[in-house]
Amino acid sequence: MQAEVLVHRPVLAEKSPRLLVTDPNGVYVDGTFGRGGHSRLILEKLSPQGRLIAFDRDEEAVKAAAQIKDPRFQIIHAPFASMKEELAKVGIDRVSGIFLDIGVSSPQIDDPERGFSFRFDGPLDMRMDTSTGETAAEWIARADAAEMAKVFKDLGEERFAMKAAKAIEKARVKEPILRTKQLADLIAATLPRNKKDSAQHPATRIFQAIRIHVNQELEQLKRALESAGTLLLPDGVLAVISFHSLEDRIVKKFFEAAANPASGINPRLPLLPSQLPQPLFNRAVRILPSEKECEENPRARSSVLRGASRTDAPWPEQGVRV
């Protein structure tokens, strides 16, 4: 386990801290500590007066954070969606930068007991925080076919969502579906392989959808983005790494809406420029990993880093709708 922590390679490791840290003396947030790869790199860019508050809802990640013996660093066991409330508890209401690395971490995927992957047989759990909430097995046991199909279609973009849902509904009558291999084998026997990518296991999209649903990942992301808007100081940076289109679409739309809040106003209305809502973020940049990084770290291949700095415009009470 110790060696795994040391060799864990953060994605876009050089570009993310460079984009994020604009004031070495500032207070920064790493909303997804994982195994601390990005946190360590952020700390390297901070002065002795700087401070880094990390969040993670995974108890194993919080335990791993104990390895960082730095007085400038603190870890909070909570989802990043609650960062505003948790920071208030420690007396922080404004920060210089917020970093989010969205999705499941490599150690979570590689641990069979967490149930995130069908590469290994393990309990069908999938919770990022194993101390609370409904497991994947519990959801599969209670959800009807219509609910499951909606999740598979919306969060997994699965074409055969209803077919998979009905197969699960039928199979669970005979015996509970409690293991990752059990579910993967059922889906493989039910759905055809992807014609465009025959190497992709038929259960890939189903597992993704269940994981996102169980952890409410997209809702958590939307809340975190909104909180970031209220927490950041002028010129403070929000930097977000996403790994699939559902996440990236939300991040992209958030930055676009925040940078162009007047875009939804009827241009025929007789309004002066001073009467229009002012940009909340400057225009976002989009950064992709280099070919070299993708070769050295395959996990980086689907990653996208988007980041933008906050303006001094007050954050609207209604927030930014995504």
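Look up: the structure comes first, before these words.
Residues numbered from 1 in each chain as written. Predicted model: local features only at pLDDT ≥ 70, side-chain atom pairs only at ≥ 80, totals over all residues. Heavy atoms only, no water.

S.K.: I'd like a rundown of the sheet that holds strand β5 (residues 232-242), residues and numbers included.
M.R.: The mixed open sheet is built from seven strands, whose spatial order is β3-β2-β1-β4-β5-β7-β6. Either end of the sheet is taken by a strand with one partner, and the two such strands are β3 (73-77) and β6 (285-287). Neighbouring strand axes in the sheet, compared pairwise and without regard to direction, differ in orientation by 15 degrees on average. As judged from the six bridges shared by β5 and strand β7 (residues 304-309), these two strands associate in the antiparallel manner. Paired with L238 across the two strands is A308, which belongs to β7. Sheet strands in contact with helix α3 (residues 37-45) are β1 (27-30), β2 (51-56), β3, β4 (95-101) and β5, and its direction is about 170 degrees off that of β2. Contacts from helix α12 (residues 217-231) reach β4 and β5, with the element oriented near 160 degrees to β5. (Pairing = 2+ DSSP bridges. Helix = DSSP H or I, 4+ residues; strand = E, 2+ residues; numbered from the N terminus. Axes fitted to C-alpha atoms, helices over the stretch in contact; angles between N-to-C directions. Contact = heavy atoms within 4.5 Å.)

S.K.: Could you give an account of the pattern of salt bridges, with specific residues and numbers?
M.R.: Tallied over the entire structure, the rule returns 16 salt bridges. Between R142 and E147 there is a salt bridge whose closest N-O contact spans 3.6 Å. When its relative accessible area of 48% is taken as the criterion, R142 is described as partly exposed. A relative accessible area of 28% means that E147 is categorised as partly exposed. Of the charged contacts, one joins D154 and K150 as a salt bridge, the two residues approaching to 2.7 Å between their closest N and O atoms. Placement of the pair is D154 and K150 together in helix α8 (residues 145-156), with a separation of four residues, close to one helical turn. Looking at K150, the relative accessible area reads 54%, which means it is exposed. Connected through salt bridges with shared partners, the residues E134, R142 and E147 form a single ionic network. (Salt bridge = Lys/Arg side-chain N within 4 Å of Asp/Glu carboxyl O. Buried < 20%, exposed > 50% of the residue type's maximum accessible area, 1.4 Å probe, protein only.)

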